[in-house]
Amino acid sequence: MTRIISLLNEKNHYLEKFYSLNEVELVNFAQGQFDNLQSFYTTREKILDVLKYVDSQIDKAHNEMSPEAVMTQADRKQIKESLTIKDEYVARIIEQDIQVLACIEMAKNSIIRELQDVRRNKKAIGGYKSKIHDQYLDEEA
């Protein structure tokens, strides 16, 4: 049982790292700084890989427990606390991910608007150049 409790605590440690990483990048994203986006996603993926591994180790430890294994009241309490902490981190991370997606969506919409403005300006300049060219040809004739 000690192994499972240790693994649950390790999982919470990596969930905390994931949460902290999101916090730092959310500040950058809110300021429109997306330079670290690729590194951010790479680091998140690495932490998720570690979490998957820890989950597999929890499953393995659970499957290796003998049916006669006795869980003490203290063990139950520690497991319950670890699972409560895990649930809190997961809920917070979901909220963060929604904020991250919102920041990315706002940046994407801003870029689309800028591109549309550039396209309109090019069209307007092209029309202006065409009128000047037509006037020049009329004057030569």
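Residues numbered from 1 in each chain as written. Predicted model: local features only at pLDDT ≥ 70, side-chain atom pairs only at ≥ 80, totals over all residues. Heavy atoms only, no water.

S.K.: Can you lay out the packing of aromatic side chains for me, pointing to particular residues and giving the numbers?
M.R.: In total, this model carries four aromatic pairs according to the counting rule given. Ring centres of F29 and F34 lie 5.0 Å apart, and the angle between their planes is 10°; on these two criteria the pair is classed as stacked. Between F29 and F40 the ring centres are 5.4 Å apart and the planes differ by 85°, which places this aromatic pair in the edge-to-face class. Taken as a pair, F29 in helix α1 (residues 2–30) and F40 in helix α2 (residues 37–64) lie far apart in primary sequence, eleven residues in all. When its relative accessible area of 1% is taken as the criterion, F40 is described as buried. Three or more aromatic residues joined by ring pairs form one cluster here, namely F29, F34, F40 and Y41. One Lys or Arg, R92, reaches over the ring of Y19 and ends 5.7 Å from the middle of that ring. Looking at R92, its charged tip hangs above the ring of Y89, at a distance of 6.0 Å from the centre. (Phe/Tyr/Trp six-rings, centres within 6.5 Å; stacked < 30°, edge-to-face > 60°. Helix = DSSP H or I, 4+ residues; strand = E, 2+ residues; numbered from the N terminus. Buried < 20%, exposed > 50% of the residue type's maximum accessible area, 1.4 Å probe, protein only. Lys NZ or Arg CZ within 6 Å of the ring centre and 35° of its normal.)

S.K.: Can you break down the packing of α1 against α2 residue by residue, with the values?
M.R.: Put simply, α1 and α2 touch, their axes get as near as 10 Å, and they point 165° apart. Of the possible angle classes, the one that applies to α1 and α2 is roughly antiparallel. Relative to α2, the crossing made by α1 is left-handed. Taken together, the residues that form the contact of α1 with α2 break down as 17 nonpolar, four polar and seven charged. (Axes fitted to C-alpha atoms, helices over the stretch in contact; angles between N-to-C directions. Parallel < 35°, antiparallel > 145°, perpendicular 65-115°, else oblique. Left-handed = near helix turned anticlockwise from the far one by under 90°. Nonpolar A, V, L, I, M, F, W, Y, C, P; charged D, E, K, R; others polar.)

S.K.: Mind laying out α2, listing which residues take part and the relevant values?
M.R.: For α2, with 28 residues, the first-to-last C-alpha span of 41 Å sits near the 40 Å given by 1.5 Å per residue. Residues of α2 that are buried include every one of F40, R44, I47, L51, V54, Q57, I58 and A61, and no others. (Expected span 1.5 Å × (residues − 1).)

S.K.: Can you lay out α1 for me, pointing to particular residues and giving the numbers?
M.R.: Every α-helical turn comprises 3.6 residues, leaving residues that sit three or four positions apart pointing alike. End to end, α1 covers 42 Å across 29 residues, agreeing with the expected 42 Å (1.5 Å per residue, within 8%). Directly after α1, the chain includes G32, whose backbone phi takes a positive value near 80°.

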